[in-house]
Structures are given as structure tokens and as C-alpha cells.
Amino acid sequence: MSHLAEITWLHLSCDTTSALHIHDVHSVATLITNSCSDGVSENQKQNMEEQTAKPTVTETWLRKHRLQYNGATRHPFILSIRDGSVNFSSFKRWLGQDYIFVRSFVPFVASILMKSCKESSDESDMEVILGGMASLNDEINWFRNEASKFHVSLTSVVPQNANVNYCKFLESLMSPEIEYSVAITAFWAIEAVYQESFAHCLEEGNSIPQELQETCERWGNAGFGAYCKSLRDIVDHCLQKASPEVVSKAEVFFLSVVEHEVEFWNMSVGEASM
Ligand code: HMH
């Protein structure tokens, strides 16, 4: 492709999203610089490219879909935990439903672990995903313990619509037709929404009820934040090498996760249809 054709393509692709503007202006600048740089050494060219570093795929999405994302991470249920006004019957509903969700999350993460072994070029992905599985094991035990504290009987929880739909979505992502890069994108988004939500509860100025402090720390602690960042780095690394079709598919699934998370919080508050 000639530089002119490439620049025209970038202009066209700019039209689909305002958030891409900055990055594409940089790309165009890089292309123009490179096309004018005959006689410039490879080293200098590389420096020029580094100075015009492109935002990663996840950065682009988070900018573009900030409102939707905040709808999940700053949901009224989360804000009510942070300011102490939370309804305890909502919290108990969330607790029982999330236990069911986490149990369906385990085979989903296992399917990603298998895909990473087959499809990932980076061996260290496996450790990050395995760490995630280990923390799910802790989480399941924590749910059992928490449920007994709050007198929630986990054996009699009936999964509500939003939960059933979310679990079906996870199941659809376990299909062998779903690329590793797409599945790990959903995995990252699922973990990141909880991490950002509960980390927000812990930020200065909170009035979290003492009984819910541990819940917030479970997902809001720095270690869980670092784990989510490792997942995000894997996603960016995978998608940087993926075809535009796969990147778009991953973006659609990212947005679906955000929607399912909002529905899950709505259900917990008690607004969803039973
Ligand atoms: C609904 N989303 C939901 N539950 C969870 N436990 C997480 C994300 C994070 O593991």
C-alpha cells in the first residue's frame, strides 16, 4: 500500500470514532515523517516512532466507551456501598447470586487457560491465568464463609435472569471458535470492572459499613489491581498483533461484558425482573 493510500485509510477509519483521532493523527505524522526520511538511519526512525507512541487498544476503548464503562464501575449499588447507604437485602442478594456466577466463571477461566497453551506466543500468560484460577478458589471459600455470616443459604439461591444471561454469555465464550485474544479480553473486562468498582469504594472519603469492608478489599486491594493490569497487558499485546476483524470482535465482547455487569448490579439492587 502506498503512503497516500495508507493515510487515506487512516482518515476513513478516524470517522468511525472520535476517540481514535489523537492516535491516528500520530500515526499519520509518523507515516509522513517516515516517507520524508530517506537518508535517516533506522535508529533515528525508531526514535521518531517511539516519540509518537500509539495508545494501546484498551486505552482507546476506555476513552471511547468511558460513559458505558463508568456505568458499570460507578453503579448506584457500588456508590451506595461507598457512602454507607447500601440496603443489606441488596447486598445479600448480590452475595448469593455472585457465588453462582463465580462457580460458572471457573470453567470459563479454565477454557482460557487451555486456549493460552495452544494459541499464546507468550508462555508467561499461563502463570497470570493460573493465578486467577487460584484466587477464584479462595473466592469460593470466601463466599461460603461470608454467606454464613450474613445468613444467606447458598444451596437455595435461585439464579436470576441477569445472572443466567451472564452465565450463558460465559458459556458462549468457551466455544473453540472464540479466539484466545477475544476470550481473554472478556476475562480482563470482567475482573477489571470489579477491581475498579471496589477500589472506588475504598478511595478516601468513604463510609463503607464495617461489615462490607472485607468485600471491598477482596477486589479493591493493590494485588488484585496488579493482576488486572497483567491481564490488560496480555490483552493489549494480543490485540496489537490481531487482525482488525478480531480487534472489532473483541471490542464488541468488551462492551457486552460492561452491559452484563450493569445488569448484574441492577439485579442486586432489586430492579431487575425476577
Ligand atoms: C458479576 N463480575 C461478577 N462477579 C465477579 N465475581 C467478578 C466480575 C469478578 O471476579
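The coordinates are above.
The structure contained in this document is the topic of the report that follows. This one's a predicted model, so the numbers in the text were calculated from it and none came from an experiment.

### Topic: the packing of helix H8 (residues 124-149) against helix H12 (residues 222-241)
- At a minimum axis distance of 10 Å, the contact between H8 and H12 shows a crossing angle of 140°. As summarised for this structure, H8 and H12 are arranged oblique, according to the angle between their axes. Crossing hand, H8 versus H12: left-handed. Residues Asp125, Val128 and Gly132 of H8 form the contact with H12, whose participating residues are Tyr227, Ser230, Leu231 and Ile234.
- The residue inventory of the contact of H8 with H12, partitioned by class, reads 4 nonpolar, 2 polar and 1 charged.

### Comments concerning the packing of helix H7 (residues 88-119) against helix H10 (residues 180-202)
- Orientation of H7 relative to H10, taken along the N-to-C sense of each, is 145°, at an axis distance of 10 Å. In this structure, the crossing between H7 and H10 has a hand that is left-handed. Within the contact between the two elements, H7 uses Trp94, Asp98, Phe101, Phe105, Phe108, Val109, Ile112, Lys115, Ser116 and Glu119 and H10 uses Tyr180, Ala183, Ile184, Ala186, Phe187, Ile190, Glu191, Tyr194 and Phe198.

### Some points on the site of the ligand
- All residues in the neighbourhood of the ligand are listed as Asp98, Phe101, Val102, Phe105, Glu139, Tyr166, Ile190, Glu191, Tyr194, Trp219, Glu261 and Phe264.
- Between Tyr194 and the ligand, the recorded distance is 3.2 Å, taken from a side-chain N or O atom to a nitrogen atom.
- Here Glu261 contributes a side-chain N or O atom positioned 2.7 Å from a nitrogen atom of the ligand.
- Burial of the ligand by the surrounding chains reaches 100%, relative to a free accessible area of 290 Å².
- Within the residue set of the shell around the ligand, elements represented by two or more residues are H7, H10 and helix H13 (244-269).
- For the shell around the ligand, the leading source of residues is H7, giving 4 residues.
- The residue makeup of the shell around the ligand, split by class, is 8 nonpolar, no polar and 4 charged.

### Describing the packing of aromatic side chains
- Summed over all chains, the structure comprises 30 aromatic pairs.
- A ring pair is formed by Tyr69 and Phe254, whose centres lie 6.2 Å apart and whose planes are at 25°; its orientation type is stacked. With Tyr69 in helix H5 (residues 66-73) and Phe254 in helix H13, the pair connects residues that are 185 residues apart, well separated along the chain.

What counts and how
Residues numbered from 1 in each chain as written. Predicted model: local features only at pLDDT ≥ 70, side-chain atom pairs only at ≥ 80, totals over all residues. Heavy atoms only, no water. Axes fitted to C-alpha atoms, helices over the stretch in contact; angles between N-to-C directions. Helix = DSSP H or I, 4+ residues; strand = E, 2+ residues; numbered from the N terminus. Parallel < 35°, antiparallel > 145°, perpendicular 65-115°, else oblique. Left-handed = near helix turned anticlockwise from the far one by under 90°. Contact = heavy atoms within 4.5 Å. Nonpolar A, V, L, I, M, F, W, Y, C, P; charged D, E, K, R; others polar. Near = heavy atom within 4 Å. Polar contact = N/O pair within 3.5 Å; in protein donor to acceptor, adjacent residues only side chain to side chain. Areas by Shrake-Rupley, 256 points an atom, 1.4 Å probe, with all protein chains shown as cover. Phe/Tyr/Trp six-rings, centres within 6.5 Å; stacked < 30°, edge-to-face > 60°.

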